[in-house]
Amino acid sequence: MRFALLPIFLLGLCASAQDEAQTRFTAYDVVVDAGAATLAAYQVEITAGPESKIVGVEGGEKPYADAPYYDPAALQGGRIILAAFTTEPGAPTGKVRVARVHFQETGTAKYTARVMAAAAAGGERIEAQVALVQTGGK
Amino acid sequence: MNEKHLTLLELDAVRAGEASLEDRAHAETCPECRAELDQLRLLETRLKSAAVRVEVPDSIRHAILASASRRRTAGSWAWIPLATAAAALFGIVALWMGRPADRNVDIVDAYALAMRVRSGENVDAKWDLTGDGIVDRKDVDSIAREAVALSPRGNR
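Quick caveat, the model's predicted, so the values are computed rather than measured.

S.K.: Describe in detail the interface of chain B and chain A, supporting the description with residues and values.
M.R.: Contacts between the two partners involve 21 residues from chain B and, on the opposite side, 31 residues from chain A. For the pairing of chain B and chain A, the buried interface totals around 1800 Å² over both sides, and the portion due to carbon and sulfur atoms is 65%. Our enumeration of links across chain B and chain A arrives at 3 salt bridges. For R125(A), the salt bridge is made with D106(B), and the minimal N-O distance between the two is 2.8 Å. Across the contact surface, chain B and chain A share 9 residue pairs in polar contact (both at pLDDT 80 or more). For the side of chain B that touches chain A, the secondary structure elements donating two or more residues are helix 6 (107-119) and helix 7 (137-148) of chain B. It is helix 6 of chain B that provides the largest number of residues to the side of chain B that touches chain A, a total of 8 residues. Residues that form the side of chain B that touches chain A fall into these classes: 12 nonpolar, 2 polar and 7 charged.

S.K.: Give me the packing of helix 6 of chain B against helix 7 of chain B: which residues, what numbers.
M.R.: Residue and element names in this part refer to chain B. Interhelical geometry of helix 6 versus helix 7 gives an angle of 170 degrees and a closest axis separation of 8 Å. In terms of orientation, helix 6 lies roughly antiparallel with respect to helix 7. Counted together, I107, D109, A110, L113, A114 and V117 of helix 6 and R137, D139, V140, I143, A144 and A147 of helix 7 form the full contact between these two elements. For the contact of helix 6 with helix 7, the residue count by class is 9 nonpolar, no polar and 3 charged.

Conventions we followed
Residues numbered from 1 in each chain as written. Chains lettered and ligands numbered in written order. Predicted model: local features only at pLDDT ≥ 70, side-chain atom pairs only at ≥ 80, totals over all residues. Heavy atoms only, no water. Contact = heavy atoms within 4.5 Å. Buried area = accessible area lost by both parts, 1.4 Å probe. Salt bridge = Lys/Arg side-chain N within 4 Å of Asp/Glu carboxyl O. Polar contact = N/O pair within 3.5 Å; in protein donor to acceptor, adjacent residues only side chain to side chain. Helix = DSSP H or I, 4+ residues; strand = E, 2+ residues; numbered from the N terminus. Nonpolar A, V, L, I, M, F, W, Y, C, P; charged D, E, K, R; others polar. Axes fitted to C-alpha atoms, helices over the stretch in contact; angles between N-to-C directions. Parallel < 35°, antiparallel > 145°, perpendicular 65-115°, else oblique.

It is worth stressing that arrangement in space is one thing and function is another; only the former is reported here.
This is the structure in structure tokens:
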């Protein structure tokens, strides 16, 4: 009876180590491509699968260096809407890294992103594309 | 010249045509009071056009009428608490009703408003979401937060 609980204890240790190995943090850059148009405003939706949780948001490159608007309720969840605009002259064109999103993954994570709205300088609505580019993790 | 401005209740009395001659004259000549009065009239118009009907339970209606009846005999200022409560309710409903585009907004709306605020253009009072009497960057932020909200009230 003295060692009866030992196997259970060892099993618990193994399971704990396995969980730690499967949980990792990663970050994705959110890149919006406005083509030839200027990107003065954007709004994108990012959805993660059940194996991933959103744990942080930060800005991208100028003029979107500040963290975008987002609902804090999105943290620890799997869906987020990011949005930002710039009223400064010289809005960028082409591919713009507008934000970075950090995730906690517990398996093979899948992500989708779509542009909900975008506008060129002056307010004209434009078509734009969005891509998530993994930047690293641990 | 216009050192003493009218209170909200006095302005509301002017709006309702129940104010004294002195108050009415002041509201016509004082730019600040005139602006407040215009806001009240705008709210009145919005509420009328909104056609909102709120059913009040009989018990509450009777209690209010009984209270008003007792207070009417108590003194000429007894209506003030009731009027204050009504004004507060009026304001809350007006703010709620005044939200532009029924929450169907996105970041482009915020951007467009930000550009107009920045350029100093005259902006429609319906964008005064914060209800502070001016349309400014706070209202832009309010629209942007609404655009990214995950709640069912969002624009998805």
